[in-house]
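# Architecture at a glance
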Amino acid sequence: MRLHVVSFGCQMSVADGGEMAAPLLARGFRAVAGPEDADAIVLNTCTVRQHAEDKALSMIGRLREWKEASPDRVLIVAGCAAERLGGWIRTRFPHVDLVVGAKSIEDYPAIVSQALAAKFDALRETREAFASVSPGAAPPEAPVGWTSAVVAPVTIMRGCNYSCSYCIVPAVRGRESYRPYETVLAEIRAKAALGAREILLLGQTVNSWRARGADGRERRFADLLGAAASVDGVARVRFESPHPRYLDDAFAAAFAALPQAGEHIHMPVQSGSDRVLALMRRNYTAASFLEKIARLRAAVPAIEVSTDIIVGFPSETDADFERTLELVGSLRPASAYTFKYSPREGTESAGMPDDVPEAVKEERLARLNALCDGLAESALKSRIGRTVEVLDENGGYGRTRDGFRVKWGSPAEPGRLLRVRVTGTMKRTLLGEIDEQR
Ligand code: SAM
Ligand code: SF4
């Protein structure tokens, strides 16, 4: 029996896809890279922006034919859009077998077993009876939900206690809950035993994580980062997305003292205008955000920062947008994910007029992207001639300690830390050749 998992959206969604595959893999499924020969598909949806939601819904529609080709096939729709639109999805797409919203991920294994056990058992019998079915696509090299065969996500918290006015995440993922310290460490050990060399700790405000260990002692995020780094086999630990509120001097010092944490942080800023940041309910100003980053850079001088930015938030003026460009000029992000504001039903800002015309959103996005591309290019070019440490993630492809992608020729050895001399750049990637191996 073959399982295909497809996840839309953020890293957390991709990691959830891996968790949702687990009970099916335990029932004897094996993962395949494409839907064609799959017996079951888990389609993990995103609803953060309308565009992401539309892509997932259109894929559900396209899978009608796949499902009708063999009624034994199983289609499970999960994730954030499933949470928001569950009832509608059931009615609009009757070929979907099971809809499981993002809030139910902890209960998902039980839901799947109860709802679909009979069907899966029938499916297994059918498969065994027709042993001559054509072989499916080769299994993906990386376990489902992993970024590569050596980079594994570990979800440490779910939900979000913030109420950024544009954001639907708290509605579809619920309030924050932190996974216990020992559970997280056990998962890291298990993933390291499966070959993970880099651990990506995930949460919507990942650095707000705290939990009391079995010994009664409270652990903060910096403690968890240190403990993750000391697990046997783990060469690197990264995390996403931190919130500036929890970025204090103690965290900066812990980060600086941890070689496995590298020199990169992804910290979404969203806007450079204090007026817009207040309307967004981000709880910081442009100056206080930059001040936090300055303190981090004082502790970790080589650190590279990447960020998320929204343009065209309701009432955003040209002057507000200029503040965003100024902030980007000061922050100098190595890369940025930039988005046009997308109103989400039920959020606070959906009650505000979406009054920035589409053409203006487009133009602001293009100007912002041009600025960010220029900064990224100069960061990339400044590395030419340097020798950098790279974790080989995928046979001749990996990332530097400060988060840049690198491609080189041979030798390729996933999981090895290599020294690569940078010889050039291609788009957003450094090109190089091996310097020495260790
Ligand atoms: N928790 C993270 C934080 O607070 O920084 C961000 C999580 S969100 C899933 C990822 C990114 O999507 C956000 O940083 C924001 O830039 C973008 N985003 C969220 N809601 C959006 C909306 N309504 N329109 C456009 N972009 C949005
Ligand atoms: Fe959304 Fe804000 Fe929570 Fe991030 S912190 S998930 S943007 S509400």
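Let me sum up the structure you'll find in this document. Everything numeric in this text was worked out from a predicted model, so none of it was measured.

## Focus: the nonpolar core
- The biggest cluster of nonpolar side chains holds 68 residues, and the ones touching the most others in it are Ile156, Ile188, Ile199, Leu201, Phe221, Leu225 and Phe239.
- Here this core takes six residues from helix H7 (residues 221-229), the largest share from any one element.
- Setting aside residues up to four positions removed in sequence, Leu201 forms contacts with Val154, Ile156, Ile188, Val206, Phe221, Leu225, Arg238, Phe239 and Glu240.
- Counting residues in hydrophobic clusters, the runner-up holds 22 residues, among them Leu43, Leu57, Val77 and Leu85.

## Section: the sheet that holds strand S15 (residues 335-340)
- Strand order in this open sheet of three strands is S13-S14-S15, and the pairing throughout is parallel. A strand with exactly one partner marks an edge of an open sheet, and here the two such strands are strand S13 (264-266) and S15. The sheet shows a mean angle of 10° between the axes of neighbouring strands, direction not considered.
- Looking at chain direction, strand S14 (residues 304-311) and S15 are connected through six bridges and run parallel. Residue pairing across strands places Val311 opposite Lys340, the latter belonging to S15.

## Examining unusual backbone geometry
- Here the residue pair Glu240 and Ser241 is connected by a cis peptide bond, since its omega of -10° sits within 30 degrees of zero.
- By the secondary structure assignment, Ser241 is in the loop between strand S12 (236-240) and helix H8 (249-256).
- A positive phi angle is found at Asn283, which is not glycine, with a value near 65°.
- Mapped onto the fold, Asn283 is located in the loop between helix H9 (274-280) and helix H10 (286-299).
- By relative accessible area, Asn283 is classed as exposed at 63%.
- At Ser315, a position not held by glycine, the phi torsion is positive, near 75°.
- Tracing the backbone through its elements, the reader meets Ser315 in the loop between S14 and helix H11 (318-331).
- The class of Ser315 is partly exposed, set by a relative accessible area of 28%.

## Observations concerning H8
- Listing the buried residues of H8 in full gives Phe251, Ala252 and Phe255. The buried residues of H8 occupy an angular sector of 100° when the element is viewed end-on, so they sit on one face.

## Some thoughts on the site of ligand 1
- In the vicinity of ligand 1, 16 residues are found, and the nearest of them are Gln204, Pro268, Gln270, Asp308 and Ser342.
- With respect to ligand 1, the side chain of Asp308 contributes an N or O atom lying 2.6 Å from an oxygen atom.
- Residue assignment for the shell around ligand 1 shows that the elements contributing at least two residues are S14 and S15.

About the criteria used
Residues numbered from 1 in each chain as written. Chains lettered and ligands numbered in written order. Predicted model: local features only at pLDDT ≥ 70, side-chain atom pairs only at ≥ 80, totals over all residues. Heavy atoms only, no water. Core = buried A, V, L, I, M, F, W, Y, C linked by side-chain atoms within 4.5 Å. Buried < 20%, exposed > 50% of the residue type's maximum accessible area, 1.4 Å probe, protein only. Helix = DSSP H or I, 4+ residues; strand = E, 2+ residues; numbered from the N terminus. Contact = heavy atoms within 4.5 Å. Pairing = 2+ DSSP bridges. Axes fitted to C-alpha atoms, helices over the stretch in contact; angles between N-to-C directions. Arc of directions from axis to C-beta. Near = heavy atom within 4 Å. Polar contact = N/O pair within 3.5 Å; in protein donor to acceptor, adjacent residues only side chain to side chain.

By themselves these figures say nothing about function.
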